[in-house]
Amino acid sequence: MMEMTKRHRASLEALRAECDYEDSRVGGDQNFVRWELLTNSHGAKTRAKLIEAGFAAAGQHRWSDAVGYRITEAGRAALAMPQPEKARVAPRLKQLEP
């Protein structure tokens, strides 16, 4: 399983929100949403990592010839997992001369 960074999590949450909105808006009919129209999504590398990990899937956008994306069940499960806390490192302070 890939290590989810803040960037991955933010993009996946944006994809989930948009997919849920689109599905409810059209009566539960699933549509692939356009990545570049997502708020808080990141670039092509992040998208490729999410697809590679199985957290998102590509498909035909309903209203255009563009490629769209959907969150998968694995992606929803990944978002349900708590984000591990990063160990904080104390800043190194330099001793000032008197």
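This one's a predicted model, so the numbers in the text were calculated from it and none came from an experiment.

The rules behind the values
- Residues numbered from 1 in each chain as written.
- Predicted model: local features only at pLDDT ≥ 70, side-chain atom pairs only at ≥ 80, totals over all residues.
- Heavy atoms only, no water.
- Helix = DSSP H or I, 4+ residues; strand = E, 2+ residues; numbered from the N terminus.
- Rg over C-alpha atoms; globule rule 2.2 N^0.38 Å.
- Buried < 20%, exposed > 50% of the residue type's maximum accessible area, 1.4 Å probe, protein only.
- Areas by Shrake-Rupley, 256 points an atom, 1.4 Å probe, with all protein chains shown as cover.
- Lys, Arg positive; Asp, Glu negative; His and termini not counted.
- Charge placed at Lys NZ, Arg CZ, Asp CG, Glu CD.
- Core = buried A, V, L, I, M, F, W, Y, C linked by side-chain atoms within 4.5 Å.
- Salt bridge = Lys/Arg side-chain N within 4 Å of Asp/Glu carboxyl O.
- Contact = heavy atoms within 4.5 Å.
- Expected span 1.5 Å × (residues − 1).

## Focus: the overall build of the protein chain
Regarding its fold elements, the protein chain presents 3 helices and 2 strands. Rg of the C-alpha trace for the protein chain: 18 Å, well past the compact-globule value of 13 Å for 98 residues, more than 25% over. Out of the 98 residues in the protein chain, the part that is buried amounts to 29%. Roughly 7300 Å² of accessible area belongs to the protein chain as shown, and the carbon and sulfur atoms make up 53% of that amount. Within the protein chain, the 13 negative side-chain charges are centred at a point lying 7 Å from the centre of the 16 positive side-chain charges.

## A few points about the nonpolar core
Ranked by size, the top nonpolar core spans 14 residues in total, and within it Met4, Leu12, Leu15, Trp35, Leu50, Phe55 and Ile71 carry the most contacts. The set of elements that each furnish at least two residues to this core consists of helix H1 (6-25), strand E2 (67-71) and helix H3 (73-80). With 3 residues, the top contributor of residues to this core is H1.

## Some points on the pattern of salt bridges
Once the charged atoms of two side chains with opposite charge are near each other, the side chains can pair. A full pass over the atoms with the stated rule returns 3 salt bridges. Measuring nitrogen to oxygen at the nearest pair gives 2.7 Å for the salt bridge that ties Asp20 to Arg76. Of this pair, Asp20 sits in helix H1 while Arg76 sits in helix H3, and the two are 56 residues apart along the sequence. Take Arg76: its relative accessible area is 24%, and that puts it in the partly exposed class.

## Digging into the environment of Ala58
Tracing the backbone shows Ala58 in strand E1 (residues 56-60). Judged by its relative accessible area of 46%, Ala58 is partly exposed. Along the primary structure Ala58 and Glu22 are separated by 36 residues, whereas in three dimensions their C-alpha atoms are 16 Å apart. Filtering out sequence-adjacent residues up to four positions away, Ala58 remains in contact with Phe32, Val67, Gly68 and Tyr69.

## Points about H1
The end-to-end C-alpha separation of H1 is 28 Å, in line with the 28 Å expected for 20 residues at 1.5 Å each. Of the residues making up H1, those classed as buried are His8, Arg9, Ser11, Leu12, Ala14, Leu15, Cys19, Glu22 and Asp23. Each element contacted by the buried residues of H1 is listed here: helix H2 (44-52), E1, E2 and H3. Trailing H1 by a residue or two, Gly27 shows a phi angle of about 75 degrees, which is positive.

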